[in-house]
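Structure assessment
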Amino acid sequence: MKKKEKELKKMADCGGYFMKYSDSVEMIPASSIRDMMVRASKIDDVISFSVGDPDFAPADCVIDAAKAALDRKETHYAPGAGLNELRDIYAEYLSKQEGVKYTRENVIVTVGGMSCLFLTLRAIVNPDDEILVPAPYFTNYSQMIKMCYGKPVNVEVYEKDDFVITADSIKKNVSEKTKAIMLNSPCNPTGSVISAETLEEIAEIAKERDLFVISDEVYRHLVFDSEAVPSIAQIPGMKERTLIVDSCSKTFAMTGFRIGFGAGPEHFIELLTKLTEGIHSSSPTIGQRAAIEAFKNAMPYCMNVMLPEYKARRDYLFERLNKMKGISCIKPKGAFYIFANISGTGLTAQEFADRLLDEAHVAVVPGDNFGSQQGSCYVRMAYAISMDKIKEGCERIERFCYGL
């Protein structure tokens, strides 16, 4: 639609009144993840691999803790940085996880990991600052950087490298305007995990060029082939220049509770806390009580029930996709996504996703949505759905591919 036609449509929608909206917001593209989710919701028998929302419910003890908070009528504001009990518990947990000491003063509780990302970018980005982002990446990274008047600089990662960023590619993209590097391990959408050796190399660049690191670790516990995912904050000299983004959403299947965390230098946490006053005031008190219980007692449920099921789903989907006509994929090491190469079908990612939804009633997300130049050759599939649905979805995809 041409610019003039868009303006006329807006005027019609507003009863003839035309409002000049923010250019920075108008230019942000809509998420095709949400687009596919909405389109899929209109189909009765759809199998949706589109949204990364766990099909598990939280552990019973987490639900009970939320109910108990309601029974106590604990429905008022929490402190801007979060309940002290939750900050203490999370700091203790992270210290054990990372092997680096964190205290309450190093932690802020946010409205999900998304809020933490936005607060972080708002606190560090000045107009035209550049943020290096491995591509493909979680689509909201680019949107948020632009909302904060920064410039996302895509650093391509490739299937031949298991979709893992290299130090050389970072060096080639660093400029005088570079402010920070964004890392996500395990990664959405590829499931890749950055090795300790690569993180060491990235850390050297960050220290040499005086760069900040935003380390999105919300999928930390969803890893299938090793015991732990290394963090760049563990490297000497990096805790002081790293903000860890975390969340209860994926680890504890608590997406609707909207509880996230930021962990970093004390003064930086003070800045983030100050920002919350003008954005969301505080995180949900009931959700924070549920999160306290989750860290105390729900981790065994996540590791012994949820994780093995995710692994079984990954293994099944990986095997089935690689036997299909025109499709191939590498085995992801973490998260709950497969970034499948569909170039062999002769369709672009958008064509593949549109036709698959319309003809087979299966929803996947076109790879173009994740910022990569290679995106039109890939689709993202989230296996955060039951094994029965995955099997039925694979049957439909296979029939669709053989019918091309």
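Reference entry: report on the structure contained in this document. (Residues numbered from 1 in each chain as written. Predicted model: local features only at pLDDT ≥ 70, side-chain atom pairs only at ≥ 80, totals over all residues. Heavy atoms only, no water.)

Thoughts on the overall build of the protein chain
Filter applied, for reference: The secondary structure listing takes helices from DSSP runs of H or I that are at least 4 residues long and strands from runs of E that are at least 2 residues long, numbered from the N terminus. C-alpha atoms define the radius of gyration in this analysis, and the globule rule sets the expected value at 2.2 Å times the number of residues to the power 0.38. Whether a residue is buried, partly exposed or exposed follows from its accessible area with a 1.4 Å probe, protein chains only, as a fraction of its type maximum: under 20%, in between, or over 50%, in that order. Any pair of residues with heavy atoms lying within 4.5 Å of one another is described as a contacting pair. Throughout, the Shrake-Rupley method with a 1.4 Å probe supplies accessible areas, and for residues the shown protein chains are the sole cover considered. In this tally, Lys and Arg are treated as positive and Asp and Glu as negative; His is ignored, and so are the chain termini. Just so you know, the charge point we use is NZ for Lys, CZ for Arg, CG for Asp and CD for Glu.
Helix and strand counts for the protein chain come out as 13 helices and 12 strands. The C-alpha atoms of the protein chain give a radius of gyration of 21 Å, which matches the 22 Å a tight globule of 404 residues would have. Structurally, the protein chain occupies a C-alpha span of about 60 × 50 × 50 Å along its principal axes. Residues classed as buried in the protein chain amount to 55% of the 404 residues present. For the protein chain, the proportion of contacts with a sequence separation of at least 24, taken over those separated by at least 6, is 76%. With the model as given, the accessible surface of the protein chain reaches about 17,900 Å², and the carbon-plus-sulfur share is 51%. Of the charged side chains in the protein chain, 49 are positive and 56 negative; the average position of the first set lies 3 Å away from that of the second.

Quick look at the sheet that holds strand β3 (residues 130-135)
In plain terms, the rule: Strand pairing is assigned whenever DSSP identifies at least 2 bridges connecting the two strands. Axis lines are fitted to C-alpha atoms, over the contacting stretch for helices. Their N-to-C directions set the angle, which ranges from 0 to 180 degrees.
Pairing is mixed across the open sheet formed by seven strands, whose spatial order is β2-β8-β7-β6-β5-β3-β4. Edge positions in the sheet fall to β2 (107-110) and β4 (151-156), since each has one partner strand and no second. Geometrically, the sheet is characterised by an average inter-axis angle of 20° between neighbouring strands, direction not taken into account. Note that β3 and β4 share six bridges and pair parallel. In the sheet register, Glu130 faces β4, and the bridge partner there is Lys151. Those strands touched by helix α7 (residues 140-147) are β3, β4, β5 (178-184) and β6 (212-216), and its axis lies near 150° from that of β4.

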